[in-house]
Amino acid sequence: MSSFNSFDETLSAQFSDKGVTLELAPFVVRIYTDIPSVLAGLQLYYSEYPVPGSSAFADFHVSLRRPRSAYRWFRPQVSFEFDGTVPFKPLPYEQAYPMFEWGLNWCIANHCHRFLMIHAAVVEREGCAAILAAPPGSGKSTLCAALVSRGWRLLSDELALIDPATLRITPIPRPIGLKNDSIEIIRHFNPSAVIGPVVKDTRKGTVTHMKAPVGSILRSRETACPAWVIFPRYERDAAVRLRPHSKARTVVRLAENSFNYTLLGAIGFDALIGIVDQAECYEFTYSKLDDAISIFADLKAPPLCQAR
Amino acid sequence: MTLRVVTLCSAARLKMSPLWQDECVVFDAASCNTYAVPKLSAQILEMLQAEKALKTSTILAGINAKGDLDEQELIRVLDITLEEFQRLGLIEIIAS
């Protein structure tokens, strides 16, 4: 198994026909495309990920291509295909790379039901994971990017993958999605962060991605114990505030933020109860990232996580 | 207080979390609906899980076994709670 650091534009034809296979633990993805912005994005963000080779089993086969409609001559588009199906309408061609990331999120969220999946960022320190669950626009990814810029390990920016049998979180460290004001905020907060090209006028506004720290990628097989469930919210000029949150209401909110809670039924319920029972639960309001980092630095691991 | 007989809906298959700070979570496996409920509501559901059907007077006696709670207030809360459970499809009030 090699790593994906020998990419060259001459390989684009090969990427289009045979695809490139990436191990994004715990999944293997085979990607077919000849779109330069996607190839450049893969090279920028995924150069340290293992490449299992074209004969390896892949969980997902995805491709990004220009649709062959007449429309392409006056307004080029990009289409995302998954196992030969087209789950979404095409997007403007400039949005090809973000579409790859969004499409891959969709693939995982709709197919990986051996995990209880919650829409949340997850970061880890000393084996203890903080689940940052919040709806879009609440500052979750900005906070996540800031925390991993200050030494926390990235488990995921988008999906908490919880093993119902062990209650541990499986990492899937991928690029962190940044949008609108948070792009410049993170550039300023971490000048050494690798942030890719900005894409404007998407359905989420102006978007880009921040590369996952190499240390997080190299440790992508190390699971973590859920120690804290935190509902973050950015509020302009607000004082930083961490308040305990009802465990019962935490369960209900996590269930609402889950992609497959109803599908898993009682298994999902038992997993959520197990996690919330052992974790500390908080609501968190912040406006300044440095203040937020200080609060997170002082979090104490609950006894069940300390013992593991 | 109106005397009624209450039973869990036949479809309702309930699981409950531990009690945390006077609240717990109820999961209806039939619908996958999940509710945060106060301790009193949890007690009522546990009693209904243990018996096929209960009179409201029996429920009242069960939740005030020590006799140290205000009975009028309990009746008021019980009425509200049962109505809410009925609305959520967890119980049926089968006679009154």
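Residues numbered from 1 in each chain as written. Chains lettered and ligands numbered in written order. Predicted model: local features only at pLDDT ≥ 70, side-chain atom pairs only at ≥ 80, totals over all residues. Heavy atoms only, no water.

(A) Focus on the overall build of chain B. Helix and strand counts for chain B come out as three helices and six strands. For chain B, the succession of helices and strands along the chain, N to C, is β-β-β-β-α-β-α-α-β. Against the globule reference of 12 Å for 96 residues, chain B gives a C-alpha radius of gyration of 13 Å, in line with a compact fold. Along the first, second and third principal axes, the C-alpha set of chain B runs to 35 × 35 × 20 Å. A buried classification covers 42% of the 96 residues belonging to chain B. A fraction of 55% describes how many contacts in chain B between residues 6 or more apart in sequence connect residues 24 or more apart. For chain B, the exposed surface amounts to about 5,200 Å²; the carbon and sulfur share of it is 49%. (Helix = DSSP H or I, 4+ residues; strand = E, 2+ residues; numbered from the N terminus. Rg over C-alpha atoms; globule rule 2.2 N^0.38 Å. Buried < 20%, exposed > 50% of the residue type's maximum accessible area, 1.4 Å probe, protein only. Contact = heavy atoms within 4.5 Å. Areas by Shrake-Rupley, 256 points an atom, 1.4 Å probe, with all protein chains shown as cover.)

(B) Summary view of the packing of helix 7 (residues 247–256) of chain A against helix 9 (residues 266–278) of chain A. Residue and element names in this part refer to chain A. Across the interface, helix 7 lies against helix 9 with an axial gap of 10 Å and an inter-helix angle of 135°. As the angle between them shows, helix 7 and helix 9 are arranged oblique. Between helix 7 and helix 9 lies a crossing whose hand is right-handed. For the pair formed by helix 7 and helix 9, the contact residues are Lys-247, Thr-250, Val-251, Leu-254 and Ala-255 on the first element and Leu-272, Ile-273, Val-276, Asp-277 and Gln-278 on the second. Of the residues assigned to the contact of helix 7 with helix 9, the class counts are six nonpolar, two polar and two charged. (Axes fitted to C-alpha atoms, helices over the stretch in contact; angles between N-to-C directions. Parallel < 35°, antiparallel > 145°, perpendicular 65-115°, else oblique. Left-handed = near helix turned anticlockwise from the far one by under 90°. Nonpolar A, V, L, I, M, F, W, Y, C, P; charged D, E, K, R; others polar.)

(C) Structural context of helix 10 (residues 289–297) of chain A. Residues and elements named next belong to chain A. Along helix 10, the positions that sit buried rather than exposed are Leu-289, Ala-292, Ile-293 and Phe-296. Here the buried residues of helix 10 occupy an arc of 100° about the axis, which is enough to place them on one side. Looking at the packing, one finds that the buried side of helix 10 touches strand 8 (116–125), strand 9 (128–133), helix 4 (140–149), helix 5 (181–189), strand 16 (225–234) and strand 18 (280–286). (Arc of directions from axis to C-beta.)

(D) Spotlight on the packing of aromatic side chains. Residue and element names in this part refer to chain A. Under the definition given, this model contains 17 aromatic pairs over all chains. Ring geometry for Tyr-46 versus Phe-100: centroids 6.3 Å apart, planes at 80°, classification edge-to-face. With a gap of 54 residues between them, Tyr-46 in helix 2 (residues 36–46) and Phe-100 in helix 3 (residues 96–111) connect regions that are remote in the sequence. Ring geometry for Phe-284 versus Tyr-286: centroids 5.8 Å apart, planes at 15°, classification stacked. Of the two residues, Phe-284 and Tyr-286, neither departs from the other in class, the shared state being buried. The cationic tip of Arg-150 hangs over the ring face of Phe-189; the distance from NZ or CZ to the ring centre is 3.8 Å. Above the face of the Trp-102 ring, Arg-203 is positioned so that its terminal group lies 4.5 Å from the ring centre. (Phe/Tyr/Trp six-rings, centres within 6.5 Å; stacked < 30°, edge-to-face > 60°. Lys NZ or Arg CZ within 6 Å of the ring centre and 35° of its normal.)

(E) Spotlight on the domain arrangement of chain A. All names here are of chain A. With domains assigned, chain A is organised as domain 1 (4–111) and domain 2 (116–301). Between the C-alpha centres of domain 1 and domain 2 there is a distance of 25 Å. Listed per partner, the contact involves 21 residues of domain 1 and 31 residues of domain 2. For the pair domain 1 and domain 2, the summed buried surface comes to about 2,100 Å²; carbon and sulfur atoms form 64% of the total. Ranking the residues of domain 1 by area buried against domain 2 places Tyr-45, Glu-48 and Trp-102 at the top, with a combined share of 29%. Between domain 1 and domain 2 we count three salt bridges in total. (Domains from an automatic or database assignment. Buried area = accessible area lost by both parts, 1.4 Å probe. Salt bridge = Lys/Arg side-chain N within 4 Å of Asp/Glu carboxyl O.)

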